[in-house]
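Given next are the chains, with one letter for each unit.
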Amino acid sequence: NAGATPPTTVPTTNAKASTKATTRRTIPIIGVEIDNTALNLEQEPFTSSVAFMMGNEGSGMSSKQMEACDGFIRISQYGGGTASLNVSVAAGVVLHRYFHWCRGDSCRRYCE
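The rules behind the values
- Residues numbered from 1 in each chain as written.
- Predicted model: local features only at pLDDT ≥ 70, side-chain atom pairs only at ≥ 80, totals over all residues.
- Heavy atoms only, no water.
- Phe/Tyr/Trp six-rings, centres within 6.5 Å; stacked < 30°, edge-to-face > 60°.
- Helix = DSSP H or I, 4+ residues; strand = E, 2+ residues; numbered from the N terminus.
- Buried < 20%, exposed > 50% of the residue type's maximum accessible area, 1.4 Å probe, protein only.
- Pairing = 2+ DSSP bridges.
- Contact = heavy atoms within 4.5 Å.
- Axes fitted to C-alpha atoms, helices over the stretch in contact; angles between N-to-C directions.

What follows is about the packing of aromatic side chains. Applying the stated criterion across every chain, the model contains five aromatic pairs. Centre to centre, the rings of Phe 52 and Tyr 98 are 5.4 Å apart; their planes meet at 80°, and the pair counts as edge-to-face. Taken together, the positions of Phe 52 in strand 3 (residues 51-54) and Tyr 98 in helix 3 (residues 87-103) put the pair 46 residues apart, joining distant regions of the chain. For Tyr 98, a relative accessible area of 2% translates into the label buried. Here the aromatic residues Phe 46, Phe 52, Tyr 98 and Trp 101 are joined through ring pairs into a cluster of three or more.

This brings us to the sheet that holds strand 2 (residues 39-40). By definition, the strands of a sheet pair up through backbone hydrogen bonds, in either a parallel or an antiparallel sense. Read from one edge to the other, the open sheet built from four strands follows the order 2-4-1-3, with strand pairing classed as parallel. Of all the strands in the sheet, just strand 2 and strand 3 have a single pairing partner and so form its edges. With two bridges connecting them, strand 2 and strand 4 (residues 71-74) associate as parallel partners. Within the sheet, the bridge partner assigned to Leu 39 lies in strand 4 and is Ile 73. Across the sheet, helix 3 lies against strand 1 (29-32), strand 3 and strand 4, angled at about 160° from strand 3, the strand it touches most.

Here is the structure:
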């Protein structure tokens, strides 16, 4: 997709440092969170390069993290179990979908 760059890591230790690092690059920060405004990851809601911010496995994102985000995405889950995924699993799912979107692969066909 035009203008998107492959996933890269911005090495930071907290939300404030992440925000500063991405602001210098003019990259939007997208939080991975179960939120009323979150877009479904399966719909590939990407439009450009982004930085993903992950929350805590148990309690989700802090209010400071959520304030730093420009938008949110969520990972659809099925069944009546917990809505929380291991943070490394969630990051892997999000980065996998983003990688294929950057490559121009049509992942949507599997979800329809």
